[in-house]
Amino acid sequence: MSLHELSAIGPLLTLTSVILIQMMVIAFARNLKVTVIISCVGLLLTLLAFNPVLPMMPVAVTPLLSVDGYSVFFSGLIIVAALAVTMMGYDYFKDRGVNQDEFFLLLLLATLGALVLVSSTHFASFILGLELLGVSLYTMMSYPIKGVLTLEAALKYLILSGVSSAFILFGTALLYAANGTLNFESDIESGGLYLAGGTTLVLAGILFKLSVVPFHMWTPDVYEGAPAPATAFIATVSKGAIFAVLLRFFADSGLYLLETVMSGLVLVAIASILVGNLLALRQDSVKRILAYSSIAHLGYLMVAFIAAGLSGGRDLATEAAGYFLFAYFVTTTGAFGIVTILSISSPDKDISNLSDYQGLFWRRPVLALAFTLMLLSLAGIPLTIGFIGKFYIFASGVSMTLWLLIAVVILGSGIGLFYYLRIIFTMTQRIETSGEIHIPVTAGSVMLTLSGTLLLFGVYPAPLISLIRNLVL
């Protein structure tokens, strides 16, 4: 490997070095505050390590990785989200007993796996990044040890994710038999049954990781059982990285030229939007509502993905996917951030029942206002970043005349507005309550930053749009 290639993967090497340091610190000087500080500094150094990479892009680092504007944008998004989860996680775990340091080590390992995924151009690096991310998530879900549902959530995800990984591995073997290579590029003209079978299995495994219908059954149980910071990480970093590698895989392989594949994805998008929104109406748990909401939002994102595939992956649709994913990261991290703050004083389980949020506007108006902003953004209300993201989805669908999908997006958005407003209405109800809700400085500053970002790019999206165009397209 040349010095040029080593420089290009400087961020990965930086994060790997931080992980090794973290392991030594935990082994010899266990201290949760020190662990979190090292994690935050390490993530910031990893982000800064992209600065010398920018002038040399794009760089192919062996056949396995490609460091280009596309990977840099999604890597930056992943690192910032991981930093936010780390800061919120400190306040959540500091009073939940000893031996919580490993959660943040696992978070760094999962982030490294996500960074490998978004740069992957080869199935070997894809599977390596996927398993590094997935194995770390299994254990993150089982923290803290005192949790009531954490082990159940981790076990469910372990079993089902293992099955989906087996699908991906077997599908990769079939694609290798069809193409004679593990690169993402494929000869769709002469692939035959091997190509069809391999593509089906790989897509099934990836769609499970994205938790879209009909591979969504694990999502509400895992979201409810996992600790709130881990749930925020799963909903944002994990899904964002997998979606990024899926978009690159389709663009490089030319699978968007297969009509049967695209028709199947259209059905997946429609089912995800409708099923996600309709099942969210029946929930009385905020975490389960957000779980079904995430299924619906991945359905919206699939509209941009389908439009990107039909147009070759390098136009408005790719820009729409980037902006929508950024908006989804901000709002979803913020929504689970509220759950995290409210759950700090509850060592056995997260505060998730809808009834627990009654009167929040009168008890902690700042928290309630921040949660309201997040919910309105998820609903796509104007002056929020979610509105711009959903507008982009409409624009990409219209550009490729996907009228059926556009109609389903409109219908799903109308249904979603009901259960978002239901949570807001619950927070405005006056009830007699006892107990003070403490807002830690660290988690509170994260929520303030996310709320400001939500409003800033909802009112003035031009800088973010320009960044996405310069990097992703």
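Scroll up for the structure.
Residues numbered from 1 in each chain as written. Predicted model: local features only at pLDDT ≥ 70, side-chain atom pairs only at ≥ 80, totals over all residues. Heavy atoms only, no water.

**Quick word on the overall build of the chain**
As a reminder, the rule being used: Strands are runs of DSSP state E lasting at least two residues, helices are runs of H or I lasting at least four, and both sets are numbered from the N terminus onward. Our radius of gyration looks at C-alpha atoms and nothing else; its globule reference is 2.2 Å times the residue count to the power 0.38. Accessible area is worked out with a 1.4 Å probe on protein chains only. A residue is then buried under 20% of its type maximum, exposed over 50%, and partly exposed in between. By definition, residues are in contact when any of their heavy atoms lie within 4.5 Å. All accessible-area figures derive from a Shrake-Rupley calculation using a 1.4 Å probe, and residue coverage is judged against the displayed protein chains alone. Neither His nor the chain ends contribute to the count of charged residues, in which Lys and Arg are positive and Asp and Glu negative. In this description, the location of a charge corresponds to atom NZ of lysine, CZ of arginine, CG of aspartate or CD of glutamate.
What the chain contains, in helices and strands, is 19 helices and two strands. The C-alpha radius of gyration computed for the chain amounts to 21 Å, which stays within 12% of the reference 23 Å derived for 473 residues, consistent with globular compactness. Evaluated residue by residue, the chain yields a buried proportion of 61% over its 473 residues. Residue pairs in contact within the chain that sit at least 24 positions apart in sequence constitute 80% of those at least 6 positions apart. When the accessible surface of the chain is summed, it comes to about 17700 Å², and 70% of that surface belongs to carbon and sulfur atoms. Of the side chains in the chain, 20 bear a positive and 23 a negative charge, and the two mean positions are spaced by 10 Å.

**Considering the packing of helix 4 (residues 69–93) against helix 5 (residues 101–119)**
Our working definition: All axes are obtained by fitting lines to C-alpha atoms, using only the stretch in contact for helices, and the reported angles, taken between N-to-C directions, cover 0 to 180 degrees. Angle categories are assigned with fixed cut-offs, so that under 35 degrees is roughly parallel, over 145 is roughly antiparallel, 65 to 115 is roughly perpendicular, and the rest are oblique. Take the far helix as your reference; a near helix turned counterclockwise from it by less than a right angle gives a left-handed crossing, and one turned clockwise gives a right-handed crossing. Ten residue types, Ala, Val, Leu, Ile, Met, Phe, Trp, Tyr, Cys and Pro, are classed as nonpolar, four, Asp, Glu, Lys and Arg, as charged, and the remainder, Gly among them, as polar.
Here helix 4 crosses helix 5 at 170 degrees, and the two axes come no closer than 9 Å. The orientation of helix 4 with respect to helix 5, classified from their angle, is roughly antiparallel. For the pair helix 4 and helix 5, the sense of crossing is right-handed. Taken together, the residues of helix 5 that come into contact with helix 4 (itself represented by Tyr70, Ser71, Phe74, Ser75, Ile78, Ile79, Ala82, Val85, Thr86, Gly89, Tyr90 and Phe93) are Phe103, Phe104, Leu107, Thr111, Ala114, Leu115, Val118 and Ser119. Of the residues assigned to the contact of helix 4 with helix 5, the class counts are 14 nonpolar, six polar and no charged.

**Considering the packing of aromatic side chains**
Each pair of aromatic rings is reported with the distance of its centres and the angle of its planes. Where we set the bar: Pairing of aromatic side chains here covers Phe, Tyr and the six-membered ring of Trp, requires ring centres within 6.5 Å, and sorts the geometry by plane angle: under 30 degrees stacked, over 60 edge-to-face, intermediate tilted.
In the structure shown here, the tally under the stated rule is 23 aromatic pairs. Ring geometry for phenylalanine 123 versus phenylalanine 184: centroids 5.1 Å apart, planes at 75 degrees, classification edge-to-face. With phenylalanine 123 in helix 6 (residues 123–140) and phenylalanine 184 in the loop between helix 7 (150–179) and helix 8 (192–210), this pair connects stretches of sequence that are 61 residues apart. Judged by its relative accessible area of 2%, phenylalanine 184 is buried. Ring geometry for tyrosine 357 versus phenylalanine 371: centroids 5.9 Å apart, planes at 45 degrees, classification tilted. With tyrosine 357 in the loop between helix 13 (316–343) and helix 14 (360–363) and phenylalanine 371 in helix 15 (residues 365–379), this pair connects stretches of sequence that are 14 residues apart. Classification of phenylalanine 371 as buried rests on a relative accessible area of 0%. Feature note: the residues Phe123, Phe126, Phe184, Phe243, Phe249, Phe250 and Phe305 constitute an aromatic cluster, connected by ring pairs.

**Observations regarding a nonpolar patch on the surface**
Selection criterion: Patch membership is restricted to residues that have no salt bridge and whose relative accessible area is over 30%. Joining uses 9 Å for like charges and 5 Å for the nonpolar side chains Val, Leu, Ile, Met, Phe, Trp and Tyr. What counts as a salt bridge is simple: a side-chain nitrogen of Lys or Arg found within 4 Å of a carboxyl oxygen of Asp or Glu.
Together, Leu155, Leu158, Ile159, Leu160, Val163 and Phe167 make up a nonpolar patch on the protein surface, roughly 520 Å² of accessible area in all. Structurally, the position occupied by leucine 160 is in helix 7.

**Thoughts on empty space enclosed by the protein**
Rule in force here: Cavity means a closed set of points on a 1 Å grid over the protein atoms alone, one where a 1.4 Å probe fits but cannot get out, pocket means an open set with protein on both sides within 12 Å along at least 5 of 7 lines, and lining means a residue has an atom within 4 Å of a point. Grid points are joined across faces, edges and corners, and a volume is the space filled by probe spheres set on the points.
Counted by the stated rule, this structure contains six cavities of 30 Å³ or more. When its volume is computed, the largest cavity comes out at roughly 100 Å³. For the largest cavity, the full set of lining residues is Ala8, Ile9, Pro11, Leu12, Phe50, Leu65, Val67, Ser71, Ser75, Leu115 and Ser119. Listed by contribution, the elements that provide at least two residues to the lining of the largest cavity are helix 2 (10–28), strand 2 (65–67), helix 4 and helix 5. Of the residues that constitute the lining of the largest cavity, the class distribution is eight nonpolar, three polar and no charged.

**Digging into the nonpolar core**
Note the cut-off: For our purposes a nonpolar core is just a set of buried Ala, Val, Leu, Ile, Met, Phe, Trp, Tyr and Cys residues, chained together by side-chain atoms within 4.5 Å.
Counting 172 residues, the largest nonpolar core has Phe126, Phe233 and Phe250 as the members making the most contacts within it. Residue contributions to this core peak at 17 residues, all from helix 13. For phenylalanine 233, the contacting residues outside a window of four places in its chain are Ala82, Val85, Leu107, Ala110, Thr111, Leu133, Leu137, Met140 and Ser238.

**A word on the pattern of salt bridges**
This structure, assessed with the given rule, holds 10 salt bridges. The partner of glutamate 102 in a salt bridge is arginine 30, with the nearest N and O atoms 2.8 Å apart. Linking glutamate 102 in helix 5 with arginine 30 in the loop between helix 2 and helix 3 (32–48), this pair joins segments that are 72 residues apart in sequence. Among the ionic pairs, arginine 288 bridges to glutamate 224, the shortest N-O distance being 2.9 Å. Highlighted residues: arginine 288 in helix 12 (residues 286–310) and glutamate 224 in helix 9 (residues 219–225), separated in sequence by 64 residues. According to the relative accessible area criterion, arginine 288 is buried, its value standing at 16%.

**Side note on the layout of surface pockets**
One number sums up the size of the largest pocket: a volume of about 590 Å³. Along its surface, the largest pocket is lined by 24 residues, and Gly76, Leu77, Val80, Ala81 and Phe326 are the ones closest to its centre. By residue number, the principal contributor to the lining of the largest pocket is helix 4, which donates nine residues.

**Thoughts on the side chain of serine 238**
Locating serine 238 in the fold gives a position in helix 10 (residues 228–253). Judged by its relative accessible area of 2%, serine 238 is buried. Once you skip the residues sitting within four places of it in the chain, serine 238 turns out to touch Leu133, Leu137 and Phe233.

**Focus: the environment of isoleucine 351**
Along the chain, isoleucine 351 turns up in the loop between helix 13 and helix 14. With residues up to four places along the chain from it excluded, the contact list for isoleucine 351 reads Val339, Leu342, Ser343, Ser346, Asp356 and Tyr357.

**Let's talk about unusual backbone geometry**
With an omega dihedral of 10 degrees, the bond running from valine 213 to proline 214 counts as a cis peptide bond. Along the chain, the position of proline 214 falls in the loop between helix 8 and helix 9. The phi dihedral of threonine 62 falls on the positive side, at around 55 degrees, and the residue is not glycine. In this structure, threonine 62 sits in the loop between strand 1 (59–61) and strand 2. Non-glycine residue leucine 383 carries a positive phi angle of around 75 degrees. Tracing the backbone through its elements, the reader meets leucine 383 in the loop between helix 15 and helix 16 (385–399). Given a relative accessible area of 56%, leucine 383 falls into the exposed group.

From the geometry alone we can't say anything about function, so treat these as descriptive.
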